[in-house]
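# Coordinate analysis (summary)
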Amino acid sequence: MLGSAVLLLNQNYTPLTTCSARRAIIMVWLGKAEIVESTGLVVRSVTMTFDIPAIIRLLMYVGISYKWNIQLTKQNILRRDHKTCQYCGENDGPMTVDHIIPRSHGGEETWGNLVCACSACNNKKGNRTPQTAGMILIKQPKKPNIRTFLFHNKGHIHSTWRTYLKIY
Ligand SMILES: [Zn+2]
């Protein structure tokens, strides 16, 4: 619950980024932001109860250099790749995250080096690069654009976000 995403709006109501509910609650508690929409859920500490927000708004305007931040997680890699194996196109069954350049070859934990792969392709590729394994990526992975990312994952965003993200 505290890990669920909260939409963060600038002081002028334009979307800036998403953050964890934990961070959002802290920002509200520190007086840096206010709750625009609540999820209706609460989290309790020993002495206090906090609303879990769906959307918060900064009380001070920040410059547009603020970048959208989509967390690099296994779940987000699979979402970006639409749970489709990036080697064979399979989209059924359990998916894994493959390091294109294996960690043992210096491959990093980045959007450009991680792709969704079916277990068969992951096993076949093993600890090799695509070149040595003779496997070709369907497309070169990159960090997803936040609007595209959210648009393709409507089910995963709080319904109240749509007004602010202009997703219909
Ligand atoms: Zn595959």
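Just so we're clear, the structure is a prediction, and the values are computed from it rather than from any experiment.

## Considering the sheet that holds strand β1 (residues 5–9)
Read across the open sheet, the four strands follow the order β2-β1-β4-β3; overall the sheet is mixed. The open sheet is flanked by β2 (15–20) and β3 (33–44), the only strands paired with a single partner. Between one strand axis and the next, the sheet turns by 35° as a mean value, whatever way the strands run. Sheet strands in contact with helix α1 (residues 21–29) are β1, β2, β3 and β4 (49–58), and its direction is about 85° off that of β4.

## Observations regarding the pattern of salt bridges
With the rule as written, the count across this model stands at four salt bridges. With a closest N to O distance of 2.9 Å, arginine 80 and aspartate 81 form a salt bridge. Overall, arginine 80 belongs to the buried group, its relative accessible area being 10%. Its salt-bridge partner being aspartate 98, residue lysine 125 comes within 3.1 Å of it at the nearest N-O pair. Taken as a pair, lysine 125 in helix α3 (residues 119–125) and aspartate 98 in strand β5 (residues 95–99) lie far apart in primary sequence, 27 residues in all. Residue classification places lysine 125 among the buried residues on the basis of a relative accessible area of 1%. What makes aspartate 98 buried here is its relative accessible area of 3%.

## Observations regarding α1
Those residues of α1 lying buried are Ala21, Ala24, Ile25 and Met27. Seen from one end, α1 has its buried residues packed into an arc of 160°, which puts them on one side. Of the exposed residues in α1, those oriented more than 90 degrees away from the buried face are Arg22 and Trp29. Here the buried face of α1 lies against β1, β2, β3 and β4. In the stretch just after α1, glycine 31 is the one whose phi turns positive, near 80°.

## Some remarks on the coordination of the zinc ion
Protein ligation of the zinc ion involves Cys85 (SG), Cys88 (SG), Cys118 (SG) and Cys121 (SG), the donor distances falling in the range 2.3 Å. Taken together, the four donor atoms surrounding the zinc ion define angles of 105 to 115° at the centre, an arrangement classified as tetrahedral. Donor residues binding the zinc ion come from one chain and are separated in sequence as C-x2-C-x29-C-x2-C. With a gap of 33 residues between them, cysteine 85 in the loop between α2 (74–80) and β5 and cysteine 118 in strand β6 (residues 114–118) connect regions that are remote in the sequence. Both residues of the pair, cysteine 85 and cysteine 118, belong to the buried class.

## Side note on unusual backbone geometry
Positive phi, normally seen in glycine, also occurs at histidine 82, with a value near 55°. With respect to the element layout, histidine 82 can be found in the loop between α2 and β5. Located in the positive-phi region is lysine 83, a residue other than glycine, with phi close to 50°. In this fold, lysine 83 is placed in the loop between α2 and β5.

What counts as what
Residues numbered from 1 in each chain as written. Predicted model: local features only at pLDDT ≥ 70, side-chain atom pairs only at ≥ 80, totals over all residues. Heavy atoms only, no water. Pairing = 2+ DSSP bridges. Helix = DSSP H or I, 4+ residues; strand = E, 2+ residues; numbered from the N terminus. Axes fitted to C-alpha atoms, helices over the stretch in contact; angles between N-to-C directions. Contact = heavy atoms within 4.5 Å. Salt bridge = Lys/Arg side-chain N within 4 Å of Asp/Glu carboxyl O. Buried < 20%, exposed > 50% of the residue type's maximum accessible area, 1.4 Å probe, protein only. Arc of directions from axis to C-beta. Donors = N, O, S within 2.8 Å, 3.2 Å for Na, K, Ca; no water. Tetrahedral: all angles 85-135°; square planar, octahedral: opposite > 155°, others 65-115°.

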